[in-house]
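# Observations on the model geometry
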Amino acid sequence: RLGAFRDEARVMGDPDLVRDYYRHIMAISEQTSREESVSLGFYIGRLFEIARNQEGDAALENRAAILALGIYFGSWRVEQMIGPVRTKEMLRHHRLISHVGLSGRRDLRLHFILSAALEIASESGVTHAAGEFKELLDAEEGGSGFSFVDLAADRAGVRFAEMATDQATAEKIQHHLAENYSEDQFFPEIKNLPEGLSKRVFEDHFGDLESERYLALVRDVDACLSQLPAYTVGGVVPFRAGGCDIIYVVPEALLS
């Protein structure tokens, strides 16, 4: 019954429109070199260039493009939230994704694009909690630890979806990214950000996810991300001179 409601209400968007963008991704991937690393920013720029040339609503076009990216470069589970998107022909297509990343990392590609897709699904901030829950699980014994790099990628994905699907900024960010394929337009510098923090270190410094100390950090990360070129199209007041360098919002005690 939920599936029938999903398909009828189309609350996530039009599967037909998402399918069109998925088909574009397939075509672009076939024309892209597989011998060297490619940034997800290249695909975003190409899709937003296509979206800019459509006569439809910019926010809806951007939403469909992000969801198509979420299915192709993220997870097939994104399609479950939308309804049937891929045809039998598309299912036979071998996704060419192993060489596509952000900051040269495939895991950050996943964090970014899945957070963007989940933000569209939730539109209520649930994505933030999901990303942080994943990070806390990583901090358990045997996990990879709490990562400010992953958190920055998660928050950047959410910010990207918010700006791209907001009627006030959708067309502006569409035009900006259609002309600027570089990932530094929408993704922060993550060099030297701490990773692998144990649960004990996290709790000693922040307490938990509800503490004001941690929430203040998240607000600083979000404010910093808002200074990236693609996100200043809405007229945001600069957070710091020179733009966003997240390393400055991480507590000094955690940088050693």
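Residues numbered from 1 in each chain as written. Predicted model: local features only at pLDDT ≥ 70, side-chain atom pairs only at ≥ 80, totals over all residues. Heavy atoms only, no water.

## With respect to the confidence of the model for the protein
With 83% of its residues at a pLDDT of 70 or more, the protein has an overall mean of 86. Within the protein, helix H1 (residues 2–9) has the poorest average pLDDT of any element, 50, and helix H3 (residues 40–52) the best, 97. Long-range and interchain partners of residues 236–241, a stretch whose pLDDT sits below 50, account for 12 contacts in this model, where long-range means more than four residues apart. (pLDDT = per-residue confidence, 0-100. Helix = DSSP H or I, 4+ residues; strand = E, 2+ residues; numbered from the N terminus. Contact = heavy atoms within 4.5 Å.)

## Observations regarding the packing of aromatic side chains
Going through the model one piece at a time under the given rule, you end up with 17 aromatic pairs. Aromatic pair Phe-42 and Tyr-181: ring centres 5.8 Å apart, planes at 75 degrees, arrangement edge-to-face. One end of the pair, Phe-42, is in helix H3; the other, Tyr-181, is in the loop between helix H10 (170–179) and helix H11 (199–206), with 139 residues separating them in the sequence. The exposure class assigned to Tyr-181 is partly exposed, which follows from its relative accessible area of 27%. Here Phe-146 and Phe-148 contribute two aromatic rings whose centre-to-centre distance is 5.5 Å and whose plane-to-plane angle is 80 degrees, an arrangement assigned as edge-to-face. Assigned by exposure class, Phe-146 and Phe-148 land together as buried. An aromatic cluster is present here, built from Tyr-22, Phe-42, Tyr-43, Tyr-72, Phe-73 and Tyr-181 joined pairwise through their rings. (Phe/Tyr/Trp six-rings, centres within 6.5 Å; stacked < 30°, edge-to-face > 60°. Buried < 20%, exposed > 50% of the residue type's maximum accessible area, 1.4 Å probe, protein only.)

## Quick word on the environment of Val-38
With respect to the secondary-structure elements, Val-38 resides in strand E1 (residues 38–39). The class of Val-38 is buried, set by a relative accessible area of 12%. Here the alpha-carbon distance between Val-38 and Ser-103, two residues 65 residues apart in the chain, equals 9.9 Å. When neighbours within four sequence positions are excluded, Val-38 is seen to be in contact with Thr-32, Ser-33, Tyr-43, His-99, Val-100 and Gly-101.

## Quick look at the packing of helix H2 (residues 15–31) against helix H4 (residues 58–73)
Running from N to C, H2 and H4 point in directions that differ by 55 degrees, and their axes come no closer than 8 Å. Relative to H4, H2 is oriented oblique. Note that H2 runs across H4; the crossing there is right-handed. Residues Leu-17, Val-18, Tyr-21, Tyr-22, Ile-25, Met-26 and Ser-29 of H2 lie in contact with H4, whose contacting residues are Leu-60, Glu-61, Ala-64, Ala-65, Leu-67, Ala-68, Leu-69, Ile-71, Tyr-72 and Phe-73. Tallied by class, residues from the contact of H2 with H4 come to 15 nonpolar, 1 polar and 1 charged. (Axes fitted to C-alpha atoms, helices over the stretch in contact; angles between N-to-C directions. Parallel < 35°, antiparallel > 145°, perpendicular 65-115°, else oblique. Left-handed = near helix turned anticlockwise from the far one by under 90°. Nonpolar A, V, L, I, M, F, W, Y, C, P; charged D, E, K, R; others polar.)

## Focus: unusual backbone geometry
A positive phi is found at Ser-103, a non-glycine position, where the angle reads about 50 degrees. Examined against the element boundaries, Ser-103 turns out to sit in the loop between strand E2 (100–101) and helix H7 (106–122). The partly exposed category is assigned to Ser-103, whose relative accessible area is 32%. In the Ramachandran plot, Asn-192 falls in the positive-phi region, its phi being about 75 degrees despite a non-glycine side chain. Among the secondary structure elements, Asn-192 is positioned in the loop between H10 and H11.

## Some details on H3
Given a rise of 1.5 Å per residue, 13 residues ought to cover 18 Å, and the 18 Å separating the end C-alpha atoms of H3 matches this to within 8%. For H3, the set of buried residues is Leu-40, Gly-41, Tyr-43, Ile-44, Gly-45, Leu-47, Phe-48, Ile-50 and Ala-51. The residue sitting at the N-terminus of H3 and contributing the capping side-chain oxygen is Ser-39; that oxygen lies 2.9 Å from the backbone nitrogen of Gly-41. (Expected span 1.5 Å × (residues − 1). Polar contact = N/O pair within 3.5 Å; in protein donor to acceptor, adjacent residues only side chain to side chain.)

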